[in-house]
Amino acid sequence: MGFVKGVCSADYNHDGRPDLYLSVLGGPNLLFRNDGPATNAEGKTVWRFTNVATQAGVTEPLYSFPCWFFDYDNDGWEDIYVGGYHIKSVADVCADYLGLPTDAERPRLYHNNHDGTFEDVTHETGLWRVLHAMAANFGDLDNDGYLDFYLGTGDPDLATLIPNRMFRNDRGKRFQDVTTSGGFGNLQKGHGISFGDIDNDGDQDIYEDMGGAYTGDVAHNVLFENPGHGNHWITLKLEGVQSNRAAIGARIRAVVTTATGEHSYYKTVGTGGSFGASPLRQEMGLGQATGIVRIEIFWPRTGKTQVLTGLSMDRFYKVKEGETEAVPWDLKSFQLRHDDGTPHHHVHHS
């Protein structure tokens, strides 16, 4: 099988069954297509998975660690990010910053072609970089509706102190490195990352577990408070009835009105990347929308799509599978403060 470092799940081909992607350190990555139940020679029903990574074009990088499915370009289909994890020394990271050649492993961003295959778009989206990440997760920094991601970097070597990296999604076209401008460039080794609206103010904050593999490699964990960026949002807490209660795998489509017509934003319920976990309530940025036309929720167990109308922007809602209306959820916001009682402000310039 190989040394598996990351696992993620999503229905990448829209056949109603969750598939699996496995990141392997030192070998080709694996994409297991879920073929569903079948009857074997003994007449028993068994569940079949087929490794289609080669046909799908998603075997690289050969040294990889974190991975996840996410719809980075809002076309309604799950794409794949898988991080490279192989450097000789910190010099490889420095060389990459300086534009010098290096043999270090790089990540891959695979765009879903909607036909069971993927296209490698790492170069054109600005992600062909030496990142050496273990911790990873994604979310929406500025509530523009496009998913950004944060990487915690490093390895057990105490000398491997390299900046953790934040990438902002520029409308599904490219990713901008906002590590420095946003104040995210911590040098300590990142172990786990979570995006979540901790203070219930409608934007996602970021928590990162810091520290290395040895007793002497200790660092304080960090919490980045999001100051907000003026875009609209909606938060949905889904509850499955026939589908699993946590609604994992349910796909959400938010159709909104904008100055240029209707636009859709997509999100799949899950905890995010393979080395970190975000809340299951879904915090969706809506950009400069002028209103919500409808929310569509595809439930994996039944294959049915639930349609909700009459929802307001900048609100929290609970949604139960099969119900015709969402229930407003009254969550109180609060202010995060330093130990001395003064408010903490984290500024991110995009």
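Presented here is an overview of the structure given in this document. (Residues numbered from 1 in each chain as written. Predicted model: local features only at pLDDT ≥ 70, side-chain atom pairs only at ≥ 80, totals over all residues. Heavy atoms only, no water.)

**A closer look at the layout of surface pockets**
Threshold: A pocket here means an open set of points on a 1 Å grid, computed over the protein atoms alone, that has protein on both sides within 12 Å along at least five of seven lines. A cavity is instead a set of points where a 1.4 Å probe fits but cannot get out; residues with an atom within 4 Å of a point line either one. Grid points are joined across faces, edges and corners, and a volume is the space filled by probe spheres set on the points. Where helices and strands are cited, they refer to DSSP runs of H or I of at least four residues and of E of at least two residues respectively, numbered from the N terminus. Residue classes follow a fixed rule: Ala, Val, Leu, Ile, Met, Phe, Trp, Tyr, Cys and Pro count as nonpolar, while Asp, Glu, Lys and Arg count as charged, and any other residue, Gly among them, counts as polar.
In this structure, the largest pocket occupies an estimated 790 Å³ of space. As for the largest pocket, its lining consists of 44 residues, of which Glu78, Arg251, Lys267, Thr268 and Val269 are closest to the centre. Put simply, the parts of the chain that give the lining of the largest pocket at least two residues each are strand E1 (4–10), strand E5 (64–70), strand E9 (133–139), strand E17 (251–258), strand E18 (261–268), strand E19 (282–287) and strand E20 (291–298). Top element by residues in the lining of the largest pocket is E1. It accounts for four residues. By residue class, the composition of the lining of the largest pocket is 18 nonpolar, 16 polar and 10 charged. Roughly 170 Å³ of internal volume is contained in the second largest pocket. If you go around the second largest pocket, the residues you meet are Lys237, Leu238, Glu239, Arg245, Ala246, Leu280, Lys318, Val319, Lys320, Glu323, Glu325 and Val327. Secondary structure elements with two or more residues in the lining of the second largest pocket: strand E16 (232–239) and strand E22 (315–320).

**Examining a nonpolar patch on the surface**
This is how it is decided: Patch membership is restricted to residues that have no salt bridge and whose relative accessible area is over 30%. Joining uses 9 Å for like charges and 5 Å for the nonpolar side chains Val, Leu, Ile, Met, Phe, Trp and Tyr. Accessible surface is estimated by sampling points in the Shrake-Rupley manner with a 1.4 Å probe; for residues, cover comes only from the protein chains shown. Salt-bridge detection follows one rule: a side-chain nitrogen of Lys or Arg within 4 Å of a carboxyl oxygen of Asp or Glu.
Residues Ile198, Tyr207, Leu223 and Phe334 make up a contiguous nonpolar surface patch of about 340 Å² in total accessible area. In this fold, Tyr207 is placed in strand E14 (residues 205–210).

**A look at empty space enclosed by the protein**
Under the criterion given, the structure shown has three cavities of 30 Å³ or more. Each pocket or cavity is described by its volume, and for the largest cavity that value is around 60 Å³. Along its surface, the largest cavity is lined by Asn74, Asp140, Gly145, Leu147, Tyr265, Tyr266, Lys267, Glu283, Met284 and Gly285. Those elements giving two or more residues to the lining of the largest cavity turn out to be E18 and E19. Residue composition of the lining of the largest cavity, by class: four nonpolar, three polar and three charged.

**Re the nonpolar core**
What counts is decided by this rule: Nonpolar cores were defined as sets of buried Ala, Val, Leu, Ile, Met, Phe, Trp, Tyr and Cys residues, with membership established by side-chain atoms within 4.5 Å. Categorising residues by exposure relies on relative accessible area from a 1.4 Å probe, with only protein chains included: less than 20% of the type maximum marks a residue as buried, more than 50% marks it as exposed, and the intermediate range marks it as partly exposed.
Of all hydrophobic cores here, the largest spans 24 residues; its most connected members are Leu236, Leu238, Leu286, Ile295, Ile297 and Leu311. For this core, the elements supplying multiple residues, two or more each, are E16, E17, E19, E20 and E22. Grouped together as the second largest cluster of nonpolar side chains are 16 residues, Phe70, Val121, Ala136 and Phe167 included.

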